[in-house]
Amino acid sequence: MNALPNNAATPADGVVDWLTNGTRDERFIDDIFAQMCIRLQQAGVPLKRATLHVLINHPQWLGARMMWSDGMRNAEIALVDYEVRERSEYIGSAASEIQDGAEEVREWLEQDPSLGRKHTLYDEMRAKGLTDYVAWPLLHTLGKRHLVTFATDRPGGFDGAHIAGLKKLLPVLALVSEIRIKNRLARTLLETYVGSHAGELILAGATRRGTGTTVRAAIMICDLRDFTKISDNWPRDDVIDLLNDYFDAMSEPIARHGGEILKFIGDGLLAIFPLSQPNACANLLHAVTEARQAMAALNERNNGTGRAPLNYGIGVHVGDVMYGNIGSSSRLDFTVIGPAVNMASRLEALTKTIGRKVLLSRAFADLVENEFALEHVGQHEVRGFSKPIELFAYPE
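Residues numbered from 1 in each chain as written. Predicted model: local features only at pLDDT ≥ 70, side-chain atom pairs only at ≥ 80, totals over all residues. Heavy atoms only, no water.

A. Molecular detail of the overall build of the protein. The helix and strand inventory of the protein stands at 11 helices and 14 strands. Burial status across the protein gives 47% buried among its 396 residues. Partitioning the contacts of the protein with sequence separation of at least 6, the portion at a separation of at least 24 is 62%. On the protein, roughly 20200 Å² of surface is accessible, and the fraction owed to carbon and sulfur atoms is 51%. (Helix = DSSP H or I, 4+ residues; strand = E, 2+ residues; numbered from the N terminus. Buried < 20%, exposed > 50% of the residue type's maximum accessible area, 1.4 Å probe, protein only. Contact = heavy atoms within 4.5 Å. Areas by Shrake-Rupley, 256 points an atom, 1.4 Å probe, with all protein chains shown as cover.)

Written out as structure tokens, the structure reads:
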């Protein structure tokens, strides 16, 4: 069909105006996308299905797909892993064509399937009675290409006015989506590198050096044993895999029970459980219990490949910590400091000499001894503290 002049009126013009001026208070792109599709239908565009595919910076996920279909008030979101590009769902798809540089993918679904593109998606859409499908790149700054698709069940497919209207949406949708996606990326990156709670504080404006607050918390410091020997004798990639597996075993239970991992230090980690949360100290020991189980399973797997078992030490204390921004004028770290953190670190170091994997201070033990069976291991000198400290072990 002949294309309409660029300035010709289209059924989507009102939706373009809404995207431009009416979405400032909308935070999430999936909500905007679903509302856009509904408004397109109301404006006379015979839209039956639409998807928005975006690439995201996430340690686990390559991207996300938002899908809307007729009758839905909200878009469905599916996360896409990094291996998708090796699978049939991607190979030969419109997404692969667009990422390879295509400026448009149009598939007339009413024609003989033997004459069209070969991909299961097109077969699925035909089976649902769809007649026409179009995909375009959604261009963000610095050459980032995302993807938006539209499909209809109108006999004959989209007409020239429909296509012209949908094309008018693209530049505005690109701007609107880029803002929301970058906001989400900022949040994701902060959650990934500093943790969810610290990330929220930073996004809320807690970025000035020296600012912070005093928090009463249970502190947990964990360290892997013999890591220097391992890193000297194992291949680099094996060491990285080992560390990732070890941190997964330790970190996932901590997050599951409400802890906040503030720092990975080589082969160690620092986590806090703020006492503002109910049962924070008990939750810390529940996390330790699950981490032990995960480490035992990891060692069993490693044993099957000839690797030596991994050992670790954990020090636990409770007290007031300063929680905030510390660092140079141009490079800050959002972390905790204070004598309570130092004590947890010293207890972790003592696990080597006392021969217990998990050591707890008396102050922490007092808060959980009615719920957990603890082993009293006596008073011990702790470097940097003037008096011996009464310690407990958390037996396996």
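Moving on from the coordinates now.
B. Seen up close, the side chain of aspartate 132. Looking at the element boundaries, aspartate 132 is found in strand 5 (residues 132-139). A distance of 2.7 Å separates a polar atom in the side chain of aspartate 132 from a polar atom in the side chain of arginine 106. Excluding residues within four positions of it along the chain, aspartate 132 makes contact with Arg106, Glu107, Trp108, Leu109, Phe150, Ala151, Thr152, Gly157 and Phe158. (Polar contact = N/O pair within 3.5 Å; in protein donor to acceptor, adjacent residues only side chain to side chain.)

C. Region of interest: the sheet that holds strand 1 (residues 49-55). Strand order in the open sheet made by the 6 strands is 3-2-1-6-5-4, with antiparallel pairing throughout. Every other strand in the sheet has two partners, leaving strand 3 (76-81) and strand 4 (105-108) as the edge strands with one partner each. Neighbour-to-neighbour, the strand axes of this sheet turn through a mean angle of 15°, independent of strand direction. Summarising the sheet, strand 1 and strand 2 (residues 61-69) pair through 7 bridges and their orientation is antiparallel. (Pairing = 2+ DSSP bridges. Axes fitted to C-alpha atoms, helices over the stretch in contact; angles between N-to-C directions.)

D. Fine view of the pattern of salt bridges. Summed over the entire model, instances satisfying the criterion amount to 22 salt bridges. A salt bridge links arginine 117 to glutamate 97; the shortest N-O distance between them is 2.8 Å. A residue pair is termed long-range when its members are at least 10 positions apart, and arginine 117 in the loop between strand 4 and helix 4 (120-127) and glutamate 97 in helix 3 (residues 94-99) qualify at 20 residues. Judged by its relative accessible area of 27%, arginine 117 is partly exposed. The shortest N-O distance in the salt bridge between arginine 145 and glutamate 103 comes to 3.5 Å. One end of the pair, arginine 145, is in strand 6 (residues 145-152); the other, glutamate 103, is in the loop between helix 3 and strand 4, and 42 residues separate them in sequence. (Salt bridge = Lys/Arg side-chain N within 4 Å of Asp/Glu carboxyl O.)

E. The arrangement of a negative patch on the surface in detail. A contiguous patch of negative charge on the surface is contributed by Asp241, Asp245, Asp248 and Glu252. One can find glutamate 252 in helix 8 (residues 236-256). The class of glutamate 252 is partly exposed, set by a relative accessible area of 45%. (Patch = residues over 30% accessible without salt bridge, like charges linked within 9 Å, V, L, I, M, F, W, Y side chains within 5 Å. Lys, Arg positive; Asp, Glu negative; His and termini not counted. Charge placed at Lys NZ, Arg CZ, Asp CG, Glu CD.)

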